[in-house]
Protein chains: 2
Amino acid sequence: MHSAPRWTATRQRLYDAAAALISERGFSATTVDEIAERAGVAKGTVYYNFASKDGLLEALMLHGAEELAASLRQAAQGAVRHGGGPGGALDAMVRAGLAFIDRRPAFAKLYVAELWRCDRPWQETLAAVRGRVVAAVEEELRAGAGPGGPEGRPDVSLTASALVGTVLVAALDWKVFQPERPLEEVHRALAALLEGRVAGAGGPT
Amino acid sequence: MHSAPRWTATRQRLYDAAAALISERGFSATTVDEIAERAGVAKGTVYYNFASKDGLLEALMLHGAEELAASLRQAAQGAVRHGGGPGGALDAMVRAGLAFIDRRPAFAKLYVAELWRCDRPWQETLAAVRGRVVAAVEEELRAGAGPGGPEGRPDVSLTASALVGTVLVAALDWKVFQPERPLEEVHRALAALLEGRVAGAGGPT
DNA sequence: CCTACCGATCGGTAGG
DNA sequence: CCTACCGATCGGTAGG
């Protein structure tokens, strides 16, 4: 009997190969042959593990979003346990988001490239993918009802979406255009921006 | 002699058609025939106006970034003239960014889909495109040196990049997933986030 | 600015 | 009999 199921490792290799190639070249410009070659298997093996090239992308996105959402939730819970307060939990999520994209930049590139396209076969799957990520942030926003009461805070889902965008674009710009910077520096810039040390400088309320 | 140069209108139609199709399906999945058909010309006309499919995309991105940067600068200048202060200028740029994406969602989708890919033929052009947008924001950040002096403000280029990301992702999420919301509501959510009314709620400084 | 056409390569599946 | 694969090739379509 074989102890560790081999297909798990094969699928993981296919995920990694597909993410790396599609994130750089785009879905249609990446051939199934290339994905298979990079994963070290034959093309037929791709179709043994997934119904189609589309199916591979959907599974890949779902898999990555699961990891990201789990990472965000874990960071928030850790911060709360260590007494950081609700603001500390958000800060921890920002840092966890940066760290995730640091490890998996390909997933982030795929996410921004595909998420807002409206007429693709995997549109519904991607809406679910977005939901998992944004929900993790929304939960923390609701848990940490800030000062000033509800009347001072705008819509939670809009805020969560904007927060995800802040981290996503800052992290991608960092990895692609200024990779020599330490994560800590990017985190500081985001913390300052989100604490109003940039925009709060005299604008009308 | 022909009064209004026809090729200007033809290129504009090709820009619009290409942006609409490529932003939804991706570059490789969009055929030159489709672009030509939507623009109401024959395929050969595309190659009469542009050297290649790649060249059309590059010109399209440059054209759009020019419009966006101009719109941002104009908004900032208008706010300063009306005495809004540096904070008011940033707020005006956020609003102008939302309004631009409201008018040209296809450009925003193209931007996020292509900008961070590293091995494509038009990579350098896109870096220039990014530079034009981010520079417009950086100028305003430098002009409006906030309170607390330079030591309190983190890196300007990281902050500008994050600001662009905040507006970009919030606007795309808005247009795609909650199109019924008014622009004003999205703007309020972003203003609150950037004034620290969300993250400033008790985190460690 | 259009018609006609080429070199090459695509995603998906056959039998073993 | 089942699983996890491979070498070769199909019908259609791409950019130029």
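In this report, the structure presented in the accompanying data block is examined. (Residues numbered from 1 in each chain as written. Chains lettered and ligands numbered in written order. Predicted model: local features only at pLDDT ≥ 70, side-chain atom pairs only at ≥ 80, totals over all residues. Heavy atoms only, no water.)

Take the protein's contact with DNA strand C next. Surrounding DNA strand C, one finds 14 residues, the nearest of these being K43 and K53 of chain A together with A42, T45 and Y48 of chain B. Within 4 Å of the protein, atoms of DNA strand C come from sugar and phosphate in 66% of cases. A distance of 3.1 Å separates a phosphate oxygen of DNA strand C from a polar atom in the backbone of T30 of chain A. A distance of 3.3 Å is found between a phosphate oxygen of DNA strand C and a backbone nitrogen or oxygen belonging to V32 of chain A. Elements represented by at least two residues in the surface near DNA strand C include exactly helix 3 (43-49) of chain A together with helix 1 (6-25) and helix 3 (43-49) of chain B. Looking at which element gives the most residues to the surface near DNA strand C, the answer is helix 3 of chain B, with 3 residues. Taken together, the residues of the surface near DNA strand C sort by class into 5 nonpolar, 6 polar and 3 charged. (Near = heavy atom within 4 Å. Polar contact = N/O pair within 3.5 Å; in protein donor to acceptor, adjacent residues only side chain to side chain. Helix = DSSP H or I, 4+ residues; strand = E, 2+ residues; numbered from the N terminus. Nonpolar A, V, L, I, M, F, W, Y, C, P; charged D, E, K, R; others polar.)

On to the interface of chain B and chain A. Each partner contributes to the interface: chain B provides 65 residues, whereas chain A provides 65 residues. Counting each side, the surface lost to burial between chain B and chain A is near 5,500 Å², with a carbon and sulfur contribution of 63%. Considering only the side of chain B, the residues that lose the most area to chain A are W116, R117 and L158 of chain B, jointly responsible for 14% of the buried surface there. In this structure, D173 of chain A engages R130 of chain B in a salt bridge whose closest nitrogen and oxygen atoms are separated by 3.0 Å. For the pair chain B and chain A, the number of links is 19 residue pairs in polar contact (both at pLDDT 80 or more). No other element matches the 14 residues that helix 9 (residues 156-177) of chain B contributes to the side of chain B that touches chain A. Tallied by class, the residues present in the side of chain B that touches chain A amount to 31 nonpolar, 19 polar and 15 charged. (Contact = heavy atoms within 4.5 Å. Buried area = accessible area lost by both parts, 1.4 Å probe. Salt bridge = Lys/Arg side-chain N within 4 Å of Asp/Glu carboxyl O.)

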